[in-house]
Every structure is written in C-alpha cells, then in structure tokens.
Amino acid sequence: MTPFENYLTQHDEEAWSAALTTLLRSIHEVDQNATQIWFAFYPLALFQALAASDDPEKLRQQLLMQGTYHLRDQIDSSHTFLYGHRYWPEVKRAVEQLAREFKAGESLADQILAVAQKVASSVKVDRSLVVGITAVAFMTMRQAGLDAFAASPGRILIDKKHARKSPEDVLRERAKDDSQGLFGFLRTVNKKWTVTYDENDEGAKYRMNHVQDLAWGAAEDRTRNWREIDPRRVEGPIPVECRSASCGTCWVGVLGGAEKLSDVAAREGKKIKEFGYIDTPESKPLIRLACQAQTHGAVSIVIPPWNGVFGKYLKGLKNNP
Ligand code: FES
C-alpha cells in the first residue's frame, strides 16, 4: 500500500463525513447536492464491512445487495451526475500524481482543496466547480485502490452538448416548473409534473400526476426496455419491488426540487434508516424512497445502480466491533 492509500485508510466514515461538511461551503451550488448524494450512494462503512468479511458473497446476500455497488467497477462512471464530471480526466490525473508524491501533514479536507486548486488553475475554472469531484476521486481511490484507479481510462462519459452547459444553465433547468397552461392556477387535480432522472440525457424524463409518488409515475414510462438496461427495473426507470417502504429497492437522490416532495412520513423515515441509506431528522432530505415521496412540482433525481438493506448490520458492527 502506498503512503497515500495508507493515509486514506486512516480516515473512517466519521472523518470523511467531517471533511465533507468542511468542504461543502467550498463547493459550487451546482454540485452541493450531487456530492452529498454521491457520498450517500457509496458508504465507506459498508465497503469496509464487505472488505473485512471472510465471505463477502455471503454477506452481500445477507444484506440483500443487488446491482453494481463496488466503486472499482465504475471508477469513471459513478459520478456522471456531478457537474464536475466534465473535469474528471484532469482530476483523476492530479489525484494519481498526489498518490506518487504524497506528503502527510495536512487534513483530508485541505488535501482535497489543494488538488482541486491545482486542477482549477490548469483548466481555468473556479475552484468551487472541482472540489466536489475531487472529493469523489479521493473516496474512489480509497475504495478501489490505486492500481484499479490508475488503470481506469479516465474518460468523460457525458456528451458534448451537456458538457458545454454552464453551471447556471443546469441550475436554471433544475429550478424550472412545468407550466400548467393559461388557467393552470385553477387546476387542482390535473396538474402534471416532469421528473428528470438523468440530466445528461434529453429523453430521460417522465411526466406524472400531481401528488403521485415518484415510483408510480415512473411505472407508466414505457419508452425503453428497462429490464434490459438493469434487471432491477421491472417497470419504468426506477427499480421497485414492494411499493410499501419494505424492500429498499427504490431509493433515489434528489438533485433539484427536494422541497417540492412531500415530507418524510414516519414509516419512510424509520425504514430508510434501517435500510442504511440516510439517517437524518430532515423532513425533505436528499435521499428518498421513490415509492413514498409524492411530488408537487418538477424534480430532478438520480437513480443509484444498486440497493441493499444494511443499516441495522452496520449499527451492530459499530456497537460490537
Ligand atoms: S419499492 Fe420497496 S421500498 Fe420502495
């Protein structure tokens, strides 16, 4: 293990979470939610539990994990929903260089800020646009290891048209609500809202009824062969099984419009914590169960490539290490 990898392993989930809190104020608004969502999608404590297990496959089954959960299998692709993804080749190179020339001494947050500054100067953008993606690169190296990280091609995986958008363009699109026509204000039941589930794909949108839950709305979208794209997607773009907050399949991150979703009700709040996805008293958090969250406006979401039920297990490990 290189000194840099060793340094990264000395930071546990709490240390990363403290670093992320420090970094948030240095991250551009366009990537503040996205960075927090990414860190929720790839929890370090779960990675550590799998790595420490004598039989990771058995543990995976026990935790009902399905889909692509290892960062080593998606080094270039896990973060396409961050605005900073468009600087990934430069960020990846800079983190590899740090790994070769690493000198300890600075805090994790300061190391990340220093690399972000270097990249920002070389690509001539404001540092705030690359802090989030640099934090993602550090955690990806932590979970995938230097060899796999360096072996990945380091490609930008969004098309040129989307890569050209300014942060303001993206924020404007996220803030937009659907017009309900000239007399829309009179409507109560027939309102329709657009859900965007991949901001880098023009066709990745579906329309749904006012106060319908995100998963029911998605089920009506028959524009693609969903099962072929991801076997967890039995109907529509959002994977679902129970539709009653029991299985944890349908978790999503909310990039824009979290305030337009219904408050987290008691059952969603309790179950999402048990699944392990988020532990917060907030009424409109960035991670939701799509079968529970109802919408009152247009929202932009991101669908994680895996799901599982690991909250209780990790809590048990913490209490009895
Ligand atoms: S579909 Fe099972 S928790 Fe939402």
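Scroll up for the structure.
First, a word on scope: everything that follows refers to the structure included in this document. (Residues numbered from 1 in each chain as written. Predicted model: local features only at pLDDT ≥ 70, side-chain atom pairs only at ≥ 80, totals over all residues. Heavy atoms only, no water.)

Section: the side chain of Arg86
Point 1. By the secondary structure assignment, Arg86 is in the loop between strand S1 (66-67) and helix H6 (88-101).
Point 2. Buried charge Arg86 goes without a salt bridge, the closest partner of opposite sign being Asp31 at 7.3 Å.
Point 3. Of note is the side chain of Arg86, whose polar atom sits 3.1 Å from the backbone oxygen of His162.
Point 4. Sequence-distant contacts of Arg86, defined by excluding residues within four places in its chain, comprise Ile156, Ile158, His162, Ala163, Arg164 and Lys165. (Helix = DSSP H or I, 4+ residues; strand = E, 2+ residues; numbered from the N terminus. Buried < 20%, exposed > 50% of the residue type's maximum accessible area, 1.4 Å probe, protein only. Lys, Arg positive; Asp, Glu negative; His and termini not counted. Salt bridge = Lys/Arg side-chain N within 4 Å of Asp/Glu carboxyl O. Polar contact = N/O pair within 3.5 Å; in protein donor to acceptor, adjacent residues only side chain to side chain. Contact = heavy atoms within 4.5 Å.)

Observations concerning the packing of helix H3 (residues 29-41) against helix H8 (residues 131-144)
Point 1. Contact geometry for H3 and H8: axes closest at 9 Å, N-to-C directions at 15 degrees. The angle between the axes of H3 and H8 places the two elements in the roughly parallel class. Considering only the axes of H3 and H8, their crossing is right-handed. Where H3 approaches H8, its residues Thr35, Trp38 and Phe39 are matched on the opposing element by Gly132, Ala135, Val136, Met139 and Thr140.
Point 2. Across the contact of H3 with H8, the residue classes tally to five nonpolar, three polar and no charged. (Axes fitted to C-alpha atoms, helices over the stretch in contact; angles between N-to-C directions. Parallel < 35°, antiparallel > 145°, perpendicular 65-115°, else oblique. Left-handed = near helix turned anticlockwise from the far one by under 90°. Nonpolar A, V, L, I, M, F, W, Y, C, P; charged D, E, K, R; others polar.)

Brief notes about the packing of aromatic side chains
Aromatic ring pairs are defined here through the distance separating the ring centres and the angle between the ring planes.
Point 1. One pass over the structure, following the stated rule, counts 18 aromatic pairs.
Point 2. When the centroid spacing of 6.3 Å and the interplanar angle of 35 degrees are considered together, the rings of Trp16 and Phe39 count as tilted. Residue Trp16 is found in helix H2 (residues 13-24), and its partner Phe39 is found in helix H3; the two are separated by 23 residues along the sequence.
Point 3. Take Trp16: its relative accessible area is 4%, and that puts it in the buried class.
Point 4. A residue is classified by how much of its surface remains accessible, and Phe39, at 12% relative accessible area, is buried. (Phe/Tyr/Trp six-rings, centres within 6.5 Å; stacked < 30°, edge-to-face > 60°.)

Some details on unusual backbone geometry
Point 1. Phi at Leu64 takes a positive value of approximately 50 degrees, unusual for a residue other than glycine.
Point 2. Position of Leu64 among the secondary structure elements: in the loop between helix H5 (56-62) and S1.
Point 3. Among the residues examined, Leu64 registers a relative accessible area of 52% and is labelled exposed.
Point 4. Of note in this structure, Arg243 is not a glycine but carries a positive phi near 60 degrees.
Point 5. Secondary-structure assignment places Arg243 in the loop between helix H13 (226-229) and strand S4 (251-256).

Things to note about the sheet that holds S4
Point 1. Read across the sheet, five strands follow the order S3-S2-S6-S4-S5 without closing on themselves; strand pairing throughout is mixed. Two strands close off the open sheet at either side, each with one partner strand: strand S3 (205-209) and strand S5 (287-289). Pairwise comparison of adjacent strand axes, ignoring direction, gives a mean angle of 40 degrees for this sheet.
Point 2. Bridge analysis of strand S2 (residues 192-196) against strand S6 (residues 299-302) gives two bridges, and the strand direction is parallel. When the bridges of S6 are listed, Val195 appears paired with Val299.
Point 3. The sheet strands contacting H3 are S4, S5 and S6, and the helix crosses S4 at an angle near 165 degrees. (Pairing = 2+ DSSP bridges.)

Digging into the nonpolar core
Point 1. The biggest cluster of nonpolar side chains holds 96 residues, and the ones touching the most others in it are Phe4, Phe138, Leu214, Ile238 and Ile301.
Point 2. No other element matches the nine residues that H8 contributes to this core.
Point 3. The contacts of Leu214, once residues within four sequence positions are left out, are Val195, Tyr206, Met208, Ile238, Val252, Leu261, Ala290, Ala293, Val299 and Ile301. (Core = buried A, V, L, I, M, F, W, Y, C linked by side-chain atoms within 4.5 Å.)

Some words on the pairing of S2
Point 1. Within S2, four of the five residues are buried, which leaves it mostly tucked inside the rest of the structure.
Point 2. Of the pairings in the sheet, the one linking S2 to S3 comprises five bridges and is antiparallel in character. From the neighbouring strand, Thr196 faces S3, where its bridge partner is Lys205.

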